[in-house]
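Reading the structure
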Protein chains: 2
Amino acid sequence: MTATTTTADTEIRAVLAERERAMRARDADALGELFTDDLVSFSLAPPLASEGRDVEALRAWLATFDGPIEFEITEAVIEADGDIAFARSINRLTATPKGSDTPFTLWFRSTLGLRRVDGNWLIAHDHGSTPFYMDPSTGFRAAIDLVP
Amino acid sequence: MTATTTTADTEIRAVLAERERAMRARDADALGELFTDDLVSFSLAPPLASEGRDVEALRAWLATFDGPIEFEITEAVIEADGDIAFARSINRLTATPKGSDTPFTLWFRSTLGLRRVDGNWLIAHDHGSTPFYMDPSTGFRAAIDLVP
């Protein structure tokens, strides 16, 4: 069984709730506060991996959308012991790209590696992805149309 | 700072090495031994998430390849405390689909959530993915051509 304490679970759920809030508020600075300095991200878009938290890149990405951003973290399960935790969830992003009339909705998988630093849980590793269709005839398309 | 002990790091690297060995040996039973009963996988192929370890599905998947399977776990970084850990790496799979003359090589990201059960580190969560190209004109193709 996991040794996750109620306290760690509650504290990490607060991190996830703050991530939802900051995404919806397009608050790149607040998002940056959630990560460690040595963050390693495996993001939805290339490259395979990127190092460091880049608040300006977050700000630029948020600016590619017009109107409201919806961001929801569902089915979160957390396992923690001492100062280390991992959290998995299924996330929903709904937003309208600049220049488009139509919002898209993307459901994707999220796995976080968290580290408690000076009593605060921070995201040290952030892996977001969709699976892809193993079909060469359609060019191995990302499965961006899945719903949980 | 992480509280990862040398012992946990060594033990979890042995889990990764055994995963490499078992994949190369097409040993579905040995792979199954690496996972908890309540494994949740976010796999390269749909669906978004699957629950439970399915050794028969692993065996069937391994049987879709002819000839040798190469599997390499690179750049592994582990953070552990007590009985919980996460591990990230960049993995390489080289294999030849049945009916093809040509092996493919796929580099993908891996994040594992691990739990120590009765003194043994097991994989409780397995997230493998490629990113995808954010380009609607090419159908949001999976980025299966990236190299680290």
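Residues numbered from 1 in each chain as written. Chains lettered and ligands numbered in written order. Predicted model: local features only at pLDDT ≥ 70, side-chain atom pairs only at ≥ 80, totals over all residues. Heavy atoms only, no water.

Considering the relation of the copies chain B and chain A
Which entries qualify depends on this criterion: Only residues with pLDDT of at least 70 in both copies contribute their C-alpha atoms to the least-squares superposition of the copies. In what follows, residue pairs with any heavy atoms lying within 4.5 Å of each other are defined as contacts.
When chain B is fitted onto chain A, the two copies agree to an RMSD of 0.0 Å after a turn of 180° and an axial shift of 0.0 Å. Read as a symmetry element, the transformation amounts to a two-fold axis. In terms of C-alpha distance to the rotation axis, chain B has B:Arg141 as its closest residue, with the C-alpha 2.1 Å off the axis. Comparing interface residues between copies, 100% of those in chain B also sit at the interface in chain A, which points to an isologous, same-surface contact.

Some words on the sheet that holds strand β5 (residues 104–117) of chain A
Residue and element names in this part refer to chain A. Applied cut-off: Between any two strands, pairing holds if DSSP finds at least two bridges. The numbering of helices and of strands both runs from the N terminus, where a helix is a DSSP run of H or I of at least 4 residues and a strand a run of E of at least 2. Comment: axis = line fitted to C-alpha atoms, over the contacting stretch for helices; angle = value between 0 and 180 degrees taken between N-to-C directions.
Read across the sheet, six strands follow the order β2-β1-β6-β5-β4-β3 without closing on themselves; strand pairing throughout is mixed. The outermost strands of the open sheet, each flanked by one partner alone, are β2 (50–51) and β3 (65–81). Of the pairings in the sheet, the one linking strand β1 (residues 35–42) to β2 comprises two bridges and is antiparallel in character. Residue pairing across strands places Val 40 opposite Glu 51, the latter belonging to β2. Sheet strands touched by helix α1 (residues 6–24): β1, β3, β4 (84–97), β5 and β6 (120–129). Its angle to β3, the strand with the most contacts, is close to 170°.

Side note on the sheet that holds strand β4 (residues 84–97) of chain B
All names here are of chain B. If you walk across this open sheet you meet the six strands as β2-β1-β6-β5-β4-β3, and the pairing is mixed. Either end of the sheet is taken by a strand with one partner, and the two such strands are β2 (50–51) and β3 (65–81). Packing of helix α1 (residues 6–24) onto the sheet brings it into contact with β1 (35–42), β3, β4, β5 (104–117) and β6 (120–129), and relative to β3 it is tilted by some 170°.

Topic: the interface of chain B and chain A
Operational definition: Summed over both partners, the accessible area lost on bringing two parts together, with a 1.4 Å probe, is the buried area. Any carboxyl oxygen of Asp or Glu within 4 Å of a side-chain nitrogen of Lys or Arg constitutes a salt bridge here. Polar here means any residue other than Ala, Val, Leu, Ile, Met, Phe, Trp, Tyr, Cys and Pro, which are nonpolar, and Asp, Glu, Lys and Arg, which are charged; Gly is therefore polar.
Each partner contributes to the interface: chain B provides 50 residues, whereas chain A provides 50 residues. Across the chain B/chain A interface, buried area totals approximately 3900 Å², and carbon plus sulfur atoms make up 71% of it. In this assembly, chain B and chain A are joined by two salt bridges. With its nearest N and O atoms 2.7 Å apart, the salt bridge here joins B:Glu79 to A:Arg115. Contributions of two or more residues to the side of chain B that touches chain A are made by β1, β3, β4, β5 and β6 of chain B. In terms of residues, the side of chain B that touches chain A owes the most to one element, β5(B), which gives nine residues. Broken down by class, the residue content of the side of chain B that touches chain A amounts to 30 nonpolar, 13 polar and seven charged.

Here's the deal with unusual backbone geometry
For clarity, the threshold we go by: For each residue, the accessible area found with a 1.4 Å probe, counting protein chains only, is set against the maximum for its type, and the residue is called buried under 20%, exposed over 50%, and partly exposed in between.
With an omega dihedral of 5°, the bond running from A:Pro46 to A:Pro47 counts as a cis peptide bond. Within the secondary structure, A:Pro47 sits in the loop between β1 and β2. One non-glycine residue with positive phi stands out, namely B:Asp118, at about 50°. Structurally, B:Asp118 can be placed in the loop between β5 and β6. The phi dihedral of B:Phe140 is positive, around 50°, even though this residue is not glycine. Within the secondary structure layout, B:Phe140 lies in the segment after β6. Residue classification places B:Phe140 among the partly exposed residues on the basis of a relative accessible area of 24%.

Details of the nonpolar core
Definition in use: Nine residue types can take part in a nonpolar core, namely buried Ala, Val, Leu, Ile, Met, Phe, Trp, Tyr and Cys, and a core is a set of them joined through side-chain atoms within 4.5 Å.
Of all hydrophobic cores here, the largest spans 34 residues; its most connected members are A:Ile12, A:Leu31, A:Leu114, A:Trp121 and A:Ile123. Breaking this core down by element, the ones donating at least two residues are α1, α2 (28–32), β1, α3 (55–62), β3, β4, β5 and β6 of chain A. By residue number, the principal contributor to this core is β3(A), which donates seven residues. Beyond its immediate chain neighbours, meaning those up to four positions away, A:Leu31 contacts A:Arg19, A:Ala22, A:Met23, A:Leu58 and A:Leu62. With 33 residues, the next largest nonpolar core counts B:Phe35, B:Leu39, B:Leu93 and B:Leu112 among its residues.

Describing the environment of A:Ile123
By the secondary structure assignment, A:Ile123 is in strand β6. For the pair A:Ile123 and A:Phe35, spaced 88 residues apart in sequence, the C-alpha to C-alpha distance is 4.5 Å.

Describing the packing of aromatic side chains
Geometrically, a pair of aromatic rings is defined through the distance of the ring centres and the angle of the planes. Where we set the bar: Here a pair means two rings of Phe, Tyr or Trp (six-membered ring of Trp) with centres within 6.5 Å. Their orientation is stacked below 30 degrees between planes, edge-to-face above 60, and tilted elsewhere.
With the rule as written, the count across this model stands at eight aromatic pairs over all chains. Taking the centre distance of 5.1 Å and the plane angle of 90° together, the rings of B:Trp61 and B:Phe65 count as edge-to-face. Ring-pair connections join several aromatic residues into one group, and the members of that group are A:Trp61, A:Phe65 and A:Phe104.

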